[in-house]
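Listed below are the residues making up each chain.
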Amino acid sequence: MSESLACAQTTVSSWERGTRLPKVDDLARLDGLFNTGGSLVQFLHVLEEDSYGYPSWSRDFVAAEADASEIRSYQPLVVPGLLQTPEYSRAQIRIGQPTAPTSSIDELVKGREKRQKLVASDGGPLISAIVEEHVLRRPLGGWAVLRGQLTHLLDVAESPRITLQAVPMDSEVHFGMDGSFILLKVPNRGQMVYRETRVDSSPREDSEALETYFGLFAALSAHALTPDQSCGLIDRIRSEINDGRAVD
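Student: Talk me through the environment of Thr226; I want residue IDs and the actual numbers.
Tutor: With respect to the helices, strands and loops of the structure, Thr226 is situated in the loop between helix 11 (207-223) and helix 12 (227-242). Residue Thr226 is classed as partly exposed on the basis of its relative accessible area of 38%. Once the C-alpha coordinates of Thr226 and Val167 are considered, the two residues, 59 residues apart in sequence, prove to be 9.4 Å apart.

Pasting the structure below:
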């Protein structure tokens with residue numbers, strides 16, 4: 001079958017196991033191979049209508065994230081999506097899509113909330129998140145939104161499954177200059193690293209990429225504040241907002 005589809009057997013096997021989603025061109029070739037009259041492509045479109053606005057290139061990541069036993073995330077610009085409040089999510093999404101209709105923004109916020117069920121679910125994944133201090137100080141959506149977001153971070157950080165660290169702004173050593181990335185450990189699939197842009201997202205599962213990014217995450221964690229220190233920083237910033245003082 002792989003020869004007829006002009007792809008690797010490992011790719012076909014991943015489709016059969018449900019660990020990777022075929023693209024529309026792949027399904028079109030499968031429709032031709034099995035003489036199914038386009039039903040596979042049509043089924044994909046039905047799934048897309050119930051996808052909470054996820055672009056097609058991100059759905060493999062969303063599926064892998066849902067099955068992950070461990071998630072490590074480094075975010076230098078925003079609070080990680082799994083730990084965002086709805087108000088913070090809406091502000092971030094709206095900034096990225098200023099001309100989108102409200103209904104589209106609503107769907108994307110719902111999609112992010114659906115993903116966040118991993119955080120509170122029994123038996124959910126271990127989550128380690130590293131953010132920059134300036135992310136914790138930026139009033140994305142306004143000061144009230146930021147205050148609510150900081151309170152939410154302190155709440156979720158009480159979970160034994162969640163480790164939250166901040167890289168202080170006065171750190172002289174910084175390893176995260178290349179941008180954000182997410183590391184996943186997925187049972188029956190293995191480990192992978194995702195780097196996302198506005199228009200694309202794809203996993204790297206090769207040993208070279210994994211070794212590089214696991215090492216990078218370890219270096220960031222070692223030079224970040226400890227979880228207790230990070231929560232102390234978040235609480236101080238929240239107090240500054242509550243007191244009405246300017247946040248540097």
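The discussion continues.
Student: Could you give me a rundown of the packing of helix 10 (residues 143-156) against helix 12, with the residues and numbers involved?
Tutor: Orientation of helix 10 relative to helix 12, taken along the N-to-C sense of each, is 150°, at an axis distance of 10 Å. Considering their axes alone, helix 10 and helix 12 lie roughly antiparallel with respect to each other. When the axes of helix 10 and helix 12 are compared, the crossing they make is left-handed. Contacts between helix 10 and helix 12 involve Trp143, Leu146, Arg147, Leu150, Thr151, Leu153 and Leu154 on the former and, on the latter, Cys231, Ile234, Asp235, Ile237, Arg238, Ile241 and Asn242. Of the residues belonging to the contact of helix 10 with helix 12, the class tally is nine nonpolar, two polar and three charged.

Student: An account of the pattern of salt bridges is requested, with residue identities and associated values reported.
Tutor: Evaluation of the coordinates by the stated rule reveals 10 salt bridges. Across the salt bridge formed by Glu70 and Arg72, the nearest N and O atoms sit 3.2 Å from each other. With a relative accessible area of 24%, Arg72 lands in the partly exposed category. A salt bridge links Lys185 to Glu70, with the shortest nitrogen-to-oxygen separation between them at 4.0 Å. Remark: Glu70 occurs in strand 1 (residues 70-75) and Lys185 occurs in strand 4 (residues 181-186); sequence separation between them is 115 residues. On the basis of relative accessible area, Lys185 is assigned to the partly exposed category, the value being 36%.

Student: Now, about the side chain of Arg137: what can you tell me, with residues and values included?
Tutor: Positionally, Arg137 belongs in helix 9 (residues 133-137). Within the structure, Arg137 has its side chain in polar contact with the side chain of Glu133 (distance 2.9 Å).

Student: Explain the packing of helix 6 (residues 86-96) against helix 7 (residues 102-115) residue by residue, including any values.
Tutor: At a minimum axis separation of 10 Å, helix 6 and helix 7 run at an interaxial angle of 130°. Considered as vectors, helix 6 and helix 7 are oriented oblique to each other. Relative to helix 7, helix 6 is oriented so that their crossing is right-handed. On helix 7, the residues that touch Pro86, Ser89, Arg90, Gln92, Ile93 and Arg94 of helix 6 are Thr102, Ile105, Asp106, Leu108, Val109, Arg112 and Glu113. Broken down by class, the residue content of the contact of helix 6 with helix 7 amounts to five nonpolar, three polar and five charged.

Student: Can you explain helix 11? Please cite residues and give values.
Tutor: Counted at 1.5 Å a residue, the expected span for helix 11 with its 17 residues is 24 Å, and the 24 Å between its end C-alpha atoms agrees. All of the buried residues in helix 11 are Ala209, Leu210, Tyr213, Leu216, Phe217, Ala219 and Leu220.

Student: Kindly report on the environment of Pro76, identifying the contributing residues and their values.
Tutor: Within the element layout of this structure, Pro76 appears in the loop between strand 1 and helix 6. Placed 101 residues apart in sequence, Pro76 and Met177 show a C-alpha to C-alpha distance of 8.4 Å. Leave out the neighbours within four places in its chain, and Pro76 touches Glu132, His134, Val135, Gly179 and Ser180.

Calculation notes
Residues numbered from 1 in each chain as written. Predicted model: local features only at pLDDT ≥ 70, side-chain atom pairs only at ≥ 80, totals over all residues. Heavy atoms only, no water. Helix = DSSP H or I, 4+ residues; strand = E, 2+ residues; numbered from the N terminus. Buried < 20%, exposed > 50% of the residue type's maximum accessible area, 1.4 Å probe, protein only. Axes fitted to C-alpha atoms, helices over the stretch in contact; angles between N-to-C directions. Parallel < 35°, antiparallel > 145°, perpendicular 65-115°, else oblique. Left-handed = near helix turned anticlockwise from the far one by under 90°. Contact = heavy atoms within 4.5 Å. Nonpolar A, V, L, I, M, F, W, Y, C, P; charged D, E, K, R; others polar. Salt bridge = Lys/Arg side-chain N within 4 Å of Asp/Glu carboxyl O. Polar contact = N/O pair within 3.5 Å; in protein donor to acceptor, adjacent residues only side chain to side chain. Expected span 1.5 Å × (residues − 1).

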